[in-house]
There are 2 protein chains.
Amino acid sequence: MKTHTESEENYIKALYHLGGDNPVSNGDLAHRIGAKGSSVTQAVKRLSQKNLVTVVPYKGVQLTEDGVQLAKSILRKHRLWETFLVDTLGFGWDQVHPLAEQLEHVQSEELVERLSNFLGAPKHDPHGDPIPQPNGQMPPVLGEPLGAFAKGHTIKVVRVEDAGSEFFDQLDAMNINLGNTYDVEAISSFDASVQLKAPSGHTIWLSHSMCVNIYAVSA
Amino acid sequence: MKTHTESEENYIKALYHLGGDNPVSNGDLAHRIGAKGSSVTQAVKRLSQKNLVTVVPYKGVQLTEDGVQLAKSILRKHRLWETFLVDTLGFGWDQVHPLAEQLEHVQSEELVERLSNFLGAPKHDPHGDPIPQPNGQMPPVLGEPLGAFAKGHTIKVVRVEDAGSEFFDQLDAMNINLGNTYDVEAISSFDASVQLKAPSGHTIWLSHSMCVNIYAVSA
DNA sequence: CTTTTAGTTTAGGTAAAACTAAAAATTATT
DNA sequence: AATAATTTTTAGTTTTACCTAAACTAAAAG
Ligand SMILES: [Mn+2]
Ligand SMILES: [Mn+2]
Ligand SMILES: [Mn+2]
Ligand SMILES: [Mn+2]
């Protein structure tokens, strides 16, 4: 098990996010990393020398098996740390991403597994995203967008997209959290907004922009 | 509050360890860091441009007030993480140092303070070393070497030096932990070894080499 | 008072990781 | 098919952080 630089790990993570094990364009990768295309060309050259990616010039970059495995192990660390920060230290779910970006680079198998064990071997992080398992298996990606449920259904919120801090602020203001259940009272045929009723009796209206970032299952 | 590279932080920590706010020689610093003298000369130049150290060529390097403050904040993080790893995740006290070396570089005031709060705002780490407080104050350095206690005294182990993994193995084999109490039964005038009696009735003999790395108070 | 030695700095070089500017290849449009 | 637009690569710089080899300083030994 070789040791990797933080930069390398960030490239691997970005590649996995953008394409999984499919090829990704230089430009998309540059945009995601926040570097110029020329920097990416060089970085990718270094990665291919370590057999983490294959490169076809002018065509695209693709993770190797080793690359995918590394990407999953970094994602596992990221999401376990996010879980720790929220569940154990009491951070808000809007605060933990930048911290997990740092903590995911700490290198120690044993630390990750002890952390997972301490947290009760969770399968999903505070945003409902699946936590890759030690063997590389991915738990299911939960839920469907709120708009997919018809009037009259009872639903449970199970996942949210990371759509920026204003989105999280809005969720907090509306008191919406993972695990909450609601009755779908109406879906607007005018603007696709959704009207929910909480068990407390309160009614909330969600704009389409909010809905597409909130995922739920029937409850 | 500027942001510092990992290398910079390691130099600051080394300087604080070697001399506190007193001057340190280039060679000692090089030995501690594990780099060559020439590399240290350059690194120290970068640090002085950030006003973290003052340098007198051929004479020595000295932390500024800012430098001392930074050193303490890093040490605080290091020792809080060590406490977390031992108390919360169940690591052995011989395992946590290299992990804390990585975790101490994570940048977030709030994370450190939440961690401290979660751990009960500890004043000493798993080795008994003082944890610098947020205001910069240092809790007392506890204990005296075992050899300092006369026969007949009852003592409590409060601190151990980091004298390598074999030392920790030996402590574990002898079941010696922080907080344990013993009666001093004898001190050899031949080889300065110490004979202790545990509350369980078991007797253990500690060589001089062991004793000088174990600190205790009267109990 | 010279010489040796230990310690330090300078000079010059490598590698990672970013940049800008210019050239080359690919893709899209007339 | 020819040209224009876009994307990607190449070439040359910069900064950080390390290295070796050579020169320099200061103190100790002869
Ligand atoms: Mn995240
Ligand atoms: Mn997440
Ligand atoms: Mn330590
Ligand atoms: Mn310690």
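Every residue gets a number counted from 1 within its own chain, in the order that chain's sequence is written. By the order in which they are written, chains take letters starting at A while ligands take numbers starting at 1. Totals for whole chains, interfaces and linings use every residue, but because this is a predicted model, local features are given only for residues with pLDDT of at least 70 and side-chain atom pairs only at 80 or more, for both listing and counting. Based on all heavy atoms of the structure, the side-chain values leave hydrogens and waters out of the count.

Enquirer: Looking at this structure, how should I read the coordination of the manganese ion (ligand 1)?
Expert: Around a metal, the idealised angle for a tetrahedral arrangement of four donor atoms is 109.5 degrees; for an octahedral arrangement of six donor atoms it is 90 or 180 degrees. Metal-coordinating donors are taken as N, O and S atoms lying within 2.8 Å of the metal, or within 3.2 Å when the metal is Na, K or Ca; because water is left out, some sites can appear incomplete. Note on the manganese ion (ligand 1): its protein donors are H78 of chain A (NE2), E82 of chain A (OE) and H97 of chain A (ND1). The metal-donor distances range over 2.0 to 2.2 Å. Site description for the manganese ion (ligand 1): donor spacing in sequence, H-x3-E-x14-H.

Enquirer: For this particular structure, what's the right way to read the sheet that holds strand β7 (residues 203-206) of chain A?
Expert: Remark on secondary structure: sheet strands pair via backbone hydrogen bonds, oriented parallel or antiparallel. Residues and elements named next belong to chain A. For two strands to pair, DSSP has to find at least two bridges joining them. Comment: elements are numbered from the N terminus, with helices defined as DSSP H or I runs of at least four residues and strands as E runs of at least two. Strand order across the open sheet formed by six strands is β3-β8-β4-β5-β6-β7, with antiparallel pairing between neighbours. Each edge of the open sheet carries a strand with a single partner, namely β3 (144-145) and β7. Inspection of the sheet shows strand β4 (residues 154-160) paired to strand β5 (residues 181-187) by three bridges, in the antiparallel sense. In the sheet register, T154 faces β5, and the bridge partner there is D183.

Enquirer: Is there a simple way to think about the domain arrangement of chain A in this case?
Expert: Interface size is often expressed as the accessible area that is lost when the parts come together. What the domain assignment reports for chain A is domain 1 (6-63), domain 2 (78-133) and domain 3 (144-218). By convention here, the domain bounds are inherited from an automatic or database domain assignment. A straight line from the C-alpha centre of domain 1 of chain A to that of domain 3 of chain A covers 36 Å.

Enquirer: Quick question: what am I supposed to make of the packing of helix α4 (residues 65-88) of chain A against helix α6 (residues 109-118) of chain A here?
Expert: Angle between the axes and distance between the axes are the two parameters that describe a pair of packed helices. Residue and element names in this part refer to chain A. All axes are obtained by fitting lines to C-alpha atoms, using only the stretch in contact for helices, and the reported angles, taken between N-to-C directions, cover 0 to 180 degrees. Contact pair α4 / α6: the axes reach a minimum separation of 10 Å and the direction vectors enclose 40°. Regarding the angle of α4 to α6, the classification is oblique. With respect to the hand of their crossing, α4 and α6 are arranged in left-handed fashion. The segment α4 lies against α6, with R76, K77, L80, W81, F84 and T88 engaging L111, V112, E113, L115, S116 and F118. Put simply, Ala, Val, Leu, Ile, Met, Phe, Trp, Tyr, Cys and Pro go in the nonpolar bin, Asp, Glu, Lys and Arg in the charged bin, and everything else, Gly too, in the polar bin. The residue inventory of the contact of α4 with α6, partitioned by class, reads seven nonpolar, two polar and three charged. Should an angle fall under 35 degrees it is taken as roughly parallel, and over 145 as roughly antiparallel, whereas 65 to 115 is taken as roughly perpendicular and any remaining angle as oblique. It is the rotation of the near helix from the far one that decides the hand of a crossing: anticlockwise by less than a right angle makes it left-handed, clockwise makes it right-handed. The criterion used for residue contact is that any of the two residues' heavy atoms lie within 4.5 Å.

Enquirer: So what exactly am I meant to see when it comes to the protein's contact with DNA strand C here?
Expert: In the vicinity of DNA strand C there are 21 residues, among which T5, S39 and R46 of chain A together with N26 and G27 of chain B approach most closely. Close to the protein, within 4 Å, the atoms of DNA strand C are drawn from sugar and phosphate at a rate of 73%. Identification of polar contacts relies on pairs of N or O atoms within 3.5 Å, with a donor-acceptor requirement for protein atoms, meaning one able to donate a hydrogen and the other able to accept it, and with residues adjacent in sequence counted only if both atoms are side-chain atoms. Within the side chain of S38 of chain A, a nitrogen or oxygen atom sits 2.8 Å from a base oxygen of DNA strand C. Contact distances for DNA strand C include 2.6 Å between a phosphate oxygen and a backbone N or O atom of G27 of chain B. Any residue with a non-hydrogen atom lying within 4 Å of a molecule or strand is treated as near it.

Enquirer: Would you take a moment to explain the pairing of strand β8 (residues 214-218) of chain A for this structure?
Expert: Within a regular beta strand, the side chains point alternately toward one face of the sheet and then the other, so they alternate between its two faces. Residues and elements named next belong to chain A. Where β3 and β8 come together, two bridges link them in antiparallel fashion. Paired with P145 across the two strands is Y215, which belongs to β8. Looking at chain direction, β4 and β8 are connected through five bridges and run antiparallel. Bridge pairing in β8 places R159 opposite Y215.

Enquirer: What's the story with the coordination of the manganese ion (ligand 3) in this structure? I'm lost.
Expert: Residues and elements named next belong to chain B. H78 (NE2), E82 (OE) and H97 (ND1) make up the full set of protein donors to the manganese ion (ligand 3), lying at 1.9 to 2.3 Å. Expressed as a motif, the donor residue spacing for the manganese ion (ligand 3) is H-x3-E-x14-H. A distance of 3.6 Å spans the gap from the manganese ion (ligand 3) to the manganese ion (ligand 4), which E82 bridges by coordinating each metal. Of this pair, E82 sits in helix α4 (residues 65-88) while H97 sits in helix α5 (residues 96-103); the two residues are 15 residues apart in sequence, bridging distant segments of the chain. Burial classes: relative accessible area under 20% of the type maximum marks a residue as buried, over 50% as exposed, and values in between as partly exposed (1.4 Å probe, protein chains only). On the basis of relative accessibility, which here comes to 2%, the residue E82 falls in the buried class. Classification of H97 as partly exposed rests on a relative accessible area of 31%.

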